[in-house]
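The residues making up each chain are set out below.
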Amino acid sequence: TWKKKWLWAIVAIVVIAIAANAGKKKDSSAAKQSSKSSAAAETPAVGKAVKVGVWSAVVHSVADPFVPTNPIAKPKDGFRYITVDLSLTNNAEGTKQYSSLMSLKLKDADNKEWTIAITGEQLPAAPEGNFAEGETKRGTTAFEVPVAAKGLALVVDEGDLVDSKKVSIPLS
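Below: a short report on this structure. Remember, it's a predicted structure, so these values are computed and weren't measured experimentally.

### Looking at the overall build of the chain
In terms of regular secondary structure, the chain is built from 2 helices and 10 strands. Going from the N terminus to the C terminus, the chain shows its helices and strands as α-β-β-β-β-α-β-β-β-β-β-β. Out of the 172 residues in the chain, the part that is buried amounts to 31%. Considering only residue pairs separated by 6 or more positions, the chain has 68% of its internal contacts joining residues 24 or more positions apart. Of the accessible surface of the chain, which amounts to about 11100 Å², a share of 59% is contributed by carbon and sulfur atoms.

See the structure below:
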């Protein structure tokens, strides 16, 4: 009868569900392993290109501390200037806009963030404005941080207002 048929049908469904779930766990662990190995291969660092959404970013050099030549343009007491020589490349199709002022921050080991500072020095302009497809712009961005700040990293935000990707590039 029909009770035996229903019992076998339920057993079959349970077996299929268990088999399907076991396959997902294997796929998931393989995907996690693959993700870990690719993340390790793409660890952001000074001098290495890193992908940030549609952009590629390279920190070429860091001046820490940056000492201004203008004696009037000095950081507040207890603070120091840091400059970052950065290039950005638009890898998207078509023209994209980028705002360094809104999209770049410096973060320390305590997760405190600092925005771009005005040093009064003549530095190459930060990568900014309209980028044609494939265009690269390079410039220097300055930050004012406490003298005691350690473990600094440049946080590069893609600049998308809805679903923005961020990458943190250690500066030491």
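### Looking at the layout of surface pockets
The calculated volume of the largest pocket comes to roughly 190 Å³. Grouping the amino acids of the lining of the largest pocket by side-chain chemistry returns 7 nonpolar, 4 polar and 1 charged.

### Some details on the pattern of salt bridges
The final tally for this structure, using the stated rule, is 3 salt bridges. Asp85 serves as the salt-bridge partner of Arg138, at 2.6 Å between the closest nitrogen and oxygen. Of this pair, Arg138 sits in strand S8 (residues 136-146) while Asp85 is found in strand S3 (residues 79-90), placing the two residues 53 residues apart along the sequence. What makes Asp85 buried here is its relative accessible area of 14%. For Asp157, the salt bridge goes to Lys166, with nearest N and O atoms at 4.0 Å.

### Here we look at the nonpolar core
Judged by nonpolar contacts, the single largest core of 23 residues is most densely connected at Val84, Leu86, Leu88, Leu106, Val145, Leu154 and Val156. Within the residue set of this core, elements represented by two or more residues are strand S1 (50-52), strand S2 (55-66), S3, strand S5 (104-107), S8, strand S9 (153-157) and strand S10 (166-170). Leaving out residues up to four positions away in the same chain, Leu86 has contacts with Ala57, Val58, Val59, His60, Leu104, Pro127, Lys137, Arg138, Gly139 and Leu154.

### Observations regarding the pairing of S3
Summarising burial for S3: 11 of the 12 residues are buried, a large majority. In terms of strand pairing, S2 meets S3 through 9 bridges, oriented antiparallel. Residue pairing across strands places Ala57 opposite Leu88, the latter belonging to S3. With 11 bridges joining them, S3 and S8 adopt antiparallel strand pairing. Bridge pairing links Ile82 to Phe143 in S8.

### Here we look at the sheet that holds S2
What links the strands of a sheet is backbone hydrogen bonding, and the strands pair in either a parallel or an antiparallel sense. Judged by pairing direction, the sheet is antiparallel, and its 4 strands sit side by side in the order S1-S2-S3-S8 without closing on themselves. The two strands at the open ends of the sheet, each matched to only one other strand, are S1 and S8. The mean angle between the axes of side-by-side strands here comes to 35 degrees, regardless of whether they run parallel or antiparallel.

### Focus on the side chain of Asp85
Side-chain polar atoms of Asp85 contact the side chain of Arg138, separated by 2.6 Å. When residues no more than four places from it in sequence are discounted, the contact partners of Asp85 are Val58, Val59, His60, Ser61, Arg138, Gly139 and Thr140.

### A closer look at the environment of Lys96
Note that Lys96 resides in strand S4 (residues 96-98). Along the sequence, Lys96 and Glu135 sit 39 residues apart, while their C-alpha atoms lie 9.7 Å from each other. Leave out the neighbours within four places in its chain, and Lys96 touches Val54, Trp55, Asn90, Gly129, Asn130 and Phe131.

### A short note on the pairing of S5
What you see with S5 is a clean split: Leu104 and Leu106 sit on the buried side and Lys105 and Lys107 on the side with no burial. Pairing of S5 with S9, which is carried by 4 bridges, proceeds in the antiparallel orientation. The partner of Leu106 across the bridge, within S9, is Leu154. The pairing of S5 with strand S6 (residues 113-114) spans 2 bridges and is classified as antiparallel. Bridging across to S6, Leu106 finds its partner in Trp114. Counted between consecutive antiparallel strands, the loop separating S5 from S6 contains 5 residues, among which Asn111 sits at a positive phi close to 65 degrees.

Cut-offs applied
- Residues numbered from 1 in each chain as written.
- Predicted model: local features only at pLDDT ≥ 70, side-chain atom pairs only at ≥ 80, totals over all residues.
- Heavy atoms only, no water.
- Helix = DSSP H or I, 4+ residues; strand = E, 2+ residues; numbered from the N terminus.
- Buried < 20%, exposed > 50% of the residue type's maximum accessible area, 1.4 Å probe, protein only.
- Contact = heavy atoms within 4.5 Å.
- Areas by Shrake-Rupley, 256 points an atom, 1.4 Å probe, with all protein chains shown as cover.
- 1 Å grid on protein atoms, 1.4 Å probe; cavity = no way out; pocket = protein on both sides within 12 Å on 5 of 7 lines; lining within 4 Å.
- Points joined across faces, edges and corners; volume = space filled by probe spheres on them.
- Nonpolar A, V, L, I, M, F, W, Y, C, P; charged D, E, K, R; others polar.
- Salt bridge = Lys/Arg side-chain N within 4 Å of Asp/Glu carboxyl O.
- Core = buried A, V, L, I, M, F, W, Y, C linked by side-chain atoms within 4.5 Å.
- Pairing = 2+ DSSP bridges.
- Axes fitted to C-alpha atoms, helices over the stretch in contact; angles between N-to-C directions.
- Polar contact = N/O pair within 3.5 Å; in protein donor to acceptor, adjacent residues only side chain to side chain.

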